[in-house]
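# Per-entry structural report
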Amino acid sequence: MAQDRVMEIIDGPTAAFGPYRAVPQSAPAVLADIRALGIRVLSDLPAAVLRGQIPADIAEAHLATDPVTSHTEQASDRPGFMAPPRAADAAVAVTMALGILEQPGIHPAGEAMRGLLVAVREELTQISVTSIDDWGQGISPVLQSVHLAALAPSLRPSEHIRYRTTTEAPRRPTRTTRDSEQRAKKIPTMFWPSWMVRLTPPAGIHARALAPVLAALLLIPDSRTSLDEAAGLVGDVTNGIEISRLLQELDDLPQWPDIVTALDRLVDHLDANGTPIDYGRRRLLDYIGLLPYDRWLEICRRTGTPPGTGRRERIARSQLFRRLSGLPAEFVPDDLGGLDSAEFRATSLRFTALQTPELAHALQQEALNFLASHHIHDEPVTWQPPTVLLAGLTLPGPDPTLVDLPRLHQLVRERQHPVQHAAQVLGTTVEAIRHVLDEHPAPAPPLTKNAARATGRVRQQARQAIPEEHFTQLYLDEHRSLQQIATLTGFSRRVLTDLAKEYGIPLREGPQDYKRRGAIERDWLIEQYVHRRRTLPDLAREKGMSTANMARWAHAHNIPLRARGGASHDAALRAREQATRTPDILRGALSSSYGHQRLERFVAAVSYPTIGEAARALGTTQPTLTTQIIRLERDLGRPLLERAERGRGMKLTPFGRRVVDAAQSAASARA
């Protein structure tokens, strides 16, 4: 039978039997594999093992020591390294080799090879993954995969991930450092919550410690990246020692093979499909202005959320930071500190339980506005890899989709420690409850009339029923009284009075003020709007009418309206005027407010080897300086810098050099 298989290999262009079925190999490569295995058998396999696996007559003929010719004597001195001098020797080599290579797949073949390796060496740990390279030239990648499968029980946990030993075809790394850097942009520093819940064991390992470790591990498959390098590429929150420690704990779990399979599937998905978020860019954004205090108060007013005395605002900001940046929540810019304390984390957990759908939606909109302020318009706030990739796996953590959502919403409104209580009652983990509430906040419980008034819930309902434009139409354009609006909407005059103040609508003082406002003179409007640069809302408030009505008067008088938003009109006009007096190459950068400051900081930064060193020397942060340079490049339409890489500092592009020269010449001329 062995001879028939060899003839079949020789006669065909490729072989597709056994482990070669998934990846057919050429006849020369398969014959090289048979020769490599035969060498090991003839040179190293003990006679006792050989007698147990080969027919007795062939084994004895092979083991006979009577030299027949001088060639036979030389071959016996170096068995396996010369052509077998006897048919029995060739039969032993080919039979043993095909005993491995005719197994139904790579992993069964690996188990068969493992027996050979154990017989040759007492310990598999003495055999390296590259030792097969010494078995002969021209061996196929399939035999390399079989060898890795054979060594799997002796590999370290990180090597299981690196060589992808749970996949159909384990393999040695082929990806470059550049590939790892590109993959890192697709991965948040803190692993995706929906996957974290499934991969975190219920006890023994904290999710906060495991999240950056799992993120770093996604850079290990099929790469030579070290654990320390991987940690640095995804945010530098953990290190190689911590990764090794937690890997060892995961390796002790019965679900370890399926954990490795989950990571393998996720890596394949990321490499094939990418992600809608550039996490590398998100990590570098400047988050100092995220959720300022006045915005928090406004959100609380609109959603009927008690704003608290400061801690609740800090919790909301830190959780919004975590969702946006992918970094740990305690990394958010915060002057008071203490965000990594156990007390603050416990309070944050309670905030998760008390968050309402209205508050979650408002914070989501705030996050989108923050991204837009950084010129990011094509990314969602958050994203999760599809959990269908976990189908069929037995993992240590619970499945959050199995949580009884109505029961959970009921439980979190009952106790002082609602998340822990709900996890205990529902038989799941705190992390699973946290994730479900993040995705599906519990509706606020019904309030009494007094409680609703105290928490601002009535104002929230009025705001939803009578938005600013509708209130303006009723009160200013249709000239209805507050009492008439109260009768129409069902809200009290007191609530409507507070709402008018919130909208900035001036209230009439009495009956003498109820006549319709007079016409707006053209000369007055030109003086106030064009020359004094006052805004339409300001003029409308002075005249007691809506902004839309004032805009109609401007249209009637053929007065063009200014564009909304941006810096003040005077500042914008000054910037455009100054830009006309600068070299052409710089005008795109100087036509907007703060353009001069951005250009000056860029010119000062180029003398340093990295943006980080430049930021420290200039008294700013790396994300801020990076943002300013990116804005310059966008305004000028071309890249200015080639960013620093390992062993090479950043350097100017040819266009960047021209910009620096022009800026320095302009500065000298002004001096």
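The structure this text deals with has already been given above.
My aim in this report is to walk through the structure given alongside it, one point at a time. Worth saying up front: this structure is predicted, and the values here are computed from it rather than measured. (Residues numbered from 1 in each chain as written. Predicted model: local features only at pLDDT ≥ 70, side-chain atom pairs only at ≥ 80, totals over all residues. Heavy atoms only, no water.)

This paragraph deals with the overall build of the chain. Counting its secondary structure elements, the chain contains 37 helices and four strands. Counting the 671 residues in the chain, one finds 45% classified as buried. Accessible area of the chain: about 33900 Å², with a carbon and sulfur share of 51%. (Helix = DSSP H or I, 4+ residues; strand = E, 2+ residues; numbered from the N terminus. Buried < 20%, exposed > 50% of the residue type's maximum accessible area, 1.4 Å probe, protein only. Areas by Shrake-Rupley, 256 points an atom, 1.4 Å probe, with all protein chains shown as cover.)

Within the fold, Thr-167 resides in the loop between α9 (157-162) and α10 (177-184). Residue class for Thr-167 comes out buried when judged on its relative accessible area of 16%.

Contact geometry for helix α7 (residues 106-120) and helix α8 (residues 141-151): axes closest at 7 Å, N-to-C directions at 65°. The angle between α7 and α8 places the two elements in the roughly perpendicular class. Every pair of crossing elements has a handedness; the one defined by α7 and α8 is right-handed. Along the contact surface, α7 presents Ile-106, His-107, Ala-109, Gly-110, Met-113, Arg-114 and Leu-117, while α8 presents Leu-143, Ser-145, Val-146, His-147, Ala-149, Ala-150 and Leu-151. (Axes fitted to C-alpha atoms, helices over the stretch in contact; angles between N-to-C directions. Parallel < 35°, antiparallel > 145°, perpendicular 65-115°, else oblique. Left-handed = near helix turned anticlockwise from the far one by under 90°. Contact = heavy atoms within 4.5 Å.)

Moving on, we get to a nonpolar patch on the surface. A surface patch of nonpolar side chains, about 250 Å² in accessible area, is lined by Met-7, Ile-10 and Leu-31. Residue classification places Met-7 among the partly exposed residues on the basis of a relative accessible area of 40%. (Patch = residues over 30% accessible without salt bridge, like charges linked within 9 Å, V, L, I, M, F, W, Y side chains within 5 Å. Salt bridge = Lys/Arg side-chain N within 4 Å of Asp/Glu carboxyl O.)

Okay, the pattern of salt bridges next. Applying the stated criterion across every chain, the model contains 30 salt bridges. The residue Arg-5 makes a salt bridge to Glu-8 at a minimum N-O spacing of 3.1 Å. Placement of both Arg-5 and Glu-8 in helix α1 (residues 2-11) is noted, with a separation of three residues, approximately one turn of the helix. Given a relative accessible area of 47%, Glu-8 falls into the partly exposed group. The partner of Asp-268 in a salt bridge is Arg-164, with the nearest N and O atoms 2.9 Å apart. Here Asp-268 is found in helix α15 (residues 256-273), whereas its partner Arg-164 is found in the loop between α9 and α10, with 104 residues between them in sequence. For Asp-268, a relative accessible area of 40% gives the class partly exposed.

It is worth spelling out the packing of aromatic side chains at this point. We describe a pair of aromatic rings using the distance from one ring centre to the other and the angle between the two ring planes. If you walk through the whole model with that rule in mind, you get eight aromatic pairs. Seen in terms of ring centroids, Tyr-287 and Phe-321 are 4.9 Å apart; in terms of plane orientation they differ by 85°. Their pairing is edge-to-face. One end of the pair, Tyr-287, is in the loop between α16 (279-284) and α17 (293-303); the other, Phe-321, is in helix α18 (residues 311-325), and 34 residues separate them in sequence. The two residues Tyr-287 and Phe-321 agree in class, both being buried. A connected cluster of aromatic rings, assembled from ring pairs, spans Phe-191, Trp-192, Tyr-279 and Trp-383. (Phe/Tyr/Trp six-rings, centres within 6.5 Å; stacked < 30°, edge-to-face > 60°.)

So, on to unusual backbone geometry. A positive phi is found at Arg-164, a non-glycine position, where the angle reads about 55°. Backbone geometry at Asp-236 places phi at a positive 60°, although glycine is not the residue there. Tracing the chain through its elements places Asp-236 in the loop between α13 (227-233) and α14 (240-251). Assessed through its relative accessible area of 56%, Asp-236 is described here as exposed.

Now for the packing of helix α30 (residues 536-543) against helix α31 (residues 547-556). When two helices pack together, their arrangement is given by the angle between the helix axes and by the axis-to-axis distance. Two elements in contact, α30 and α31, have axes separated by 8 Å at closest approach and are oriented at 105°. Taken together, the axis directions place α30 and α31 in an arrangement best described as roughly perpendicular. In this structure, α30 uses Leu-536, Pro-537, Leu-539, Ala-540 and Lys-543 to contact α31, whose residues at the interface are Thr-547, Met-550 and Ala-551.

For the pair formed by Thr-167 and His-107, sequence separation is 60 residues and the distance between their alpha carbons is 9.2 Å. Leave out the neighbours within four places in its chain, and Thr-167 touches His-107 and Asp-264. Polar side-chain contacts of Thr-167 include one of 2.7 Å to the backbone oxygen of Arg-164. (Polar contact = N/O pair within 3.5 Å; in protein donor to acceptor, adjacent residues only side chain to side chain.)

Turning next to the environment of Val-197. Residue position: Val-197 is located in helix α11 (residues 193-199). For the pair formed by Val-197 and Leu-395, sequence separation is 198 residues and the distance between their alpha carbons is 9.7 Å. With residues up to four places along the chain from it excluded, the contact list for Val-197 reads Gly-397, Pro-398, Pro-400, Glu-431, Ala-432 and His-435.

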